[in-house]
Amino acid sequence: MSEHEALRKALRWLTEQPSINSSAITEAGRRFDLSPLDERFLRDYFLNQPHEDITKSAQSDDLKSN
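Not measured: the values here are computed from a predicted model. (Residues numbered from 1 in each chain as written. Predicted model: local features only at pLDDT ≥ 70, side-chain atom pairs only at ≥ 80, totals over all residues. Heavy atoms only, no water.)

Asks: For this particular structure, what's the right way to read the pattern of salt bridges?
Replies: Proximity of charged atoms lets side chains of opposite charge pair with each other. For the structure on display, the rule yields five salt bridges. Between Asp-44 and Arg-40 there is a salt bridge, with the nearest N and O atoms lying 4.0 Å from each other. Here Asp-44 and its partner Arg-40 are both found in helix α3 (residues 36-47), four residues apart, which amounts to about one turn of the helix. On the basis of relative accessibility, which here comes to 56%, the residue Arg-40 falls in the exposed class. Within the structure, one salt-bridge network assembled from shared partners comprises Glu-27, Arg-30 and Arg-31. (Salt bridge = Lys/Arg side-chain N within 4 Å of Asp/Glu carboxyl O. Helix = DSSP H or I, 4+ residues; strand = E, 2+ residues; numbered from the N terminus. Buried < 20%, exposed > 50% of the residue type's maximum accessible area, 1.4 Å probe, protein only.)

Asks: Got a minute to help me understand the packing of helix α1 (residues 5-15) against α3 in this structure?
Replies: Think of two packed helices as two axes; the pair is described by the angle between the axes and how far apart they sit. Running from N to C, α1 and α3 point in directions that differ by 35 degrees, and their axes come no closer than 11 Å. The handedness of the crossing between α1 and α3 is right-handed. Contacts between α1 and α3 involve Leu-7, Ala-10, Leu-11, Leu-14 and Thr-15 on the former and, on the latter, Asp-38, Phe-41, Leu-42 and Phe-46. Grouping the amino acids of the contact of α1 with α3 by side-chain chemistry returns seven nonpolar, one polar and one charged. (Axes fitted to C-alpha atoms, helices over the stretch in contact; angles between N-to-C directions. Left-handed = near helix turned anticlockwise from the far one by under 90°. Contact = heavy atoms within 4.5 Å. Nonpolar A, V, L, I, M, F, W, Y, C, P; charged D, E, K, R; others polar.)

Asks: Where do I start with the packing of aromatic side chains in this structure?
Replies: For the structure on display, the rule yields three aromatic pairs. Between Phe-41 and Tyr-45, the ring centres sit 6.0 Å apart and the planes meet at 25 degrees, which makes this aromatic pair stacked. Of this pair, Phe-41 and Tyr-45 are both found in helix α3, four residues apart, which corresponds to roughly one turn of the helix. Given the relative accessible area of 39%, Phe-41 is considered partly exposed. Accessibility expressed as a relative area gives 17% for Tyr-45, which makes it buried. A ring pair is formed by Tyr-45 and Phe-46, whose centres lie 4.9 Å apart and whose planes are at 90 degrees; its orientation type is edge-to-face. With respect to burial, Tyr-45 and Phe-46 carry one shared label: buried. (Phe/Tyr/Trp six-rings, centres within 6.5 Å; stacked < 30°, edge-to-face > 60°.)

And the structure:
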């Protein structure tokens, strides 16, 4: 598995969940054996956005562009 493959899989899994919250990110960390740094990235990306009304489709579009 490439260096960031687990993080990519976790991102994909999270965007398929009904809601993305702290417990979903913790579950993704367990499922995909993420490092603490990767989990922190996910928390910062999904939970610490400047605007609270960010839609999942916008987040998904951000992921597809990378």
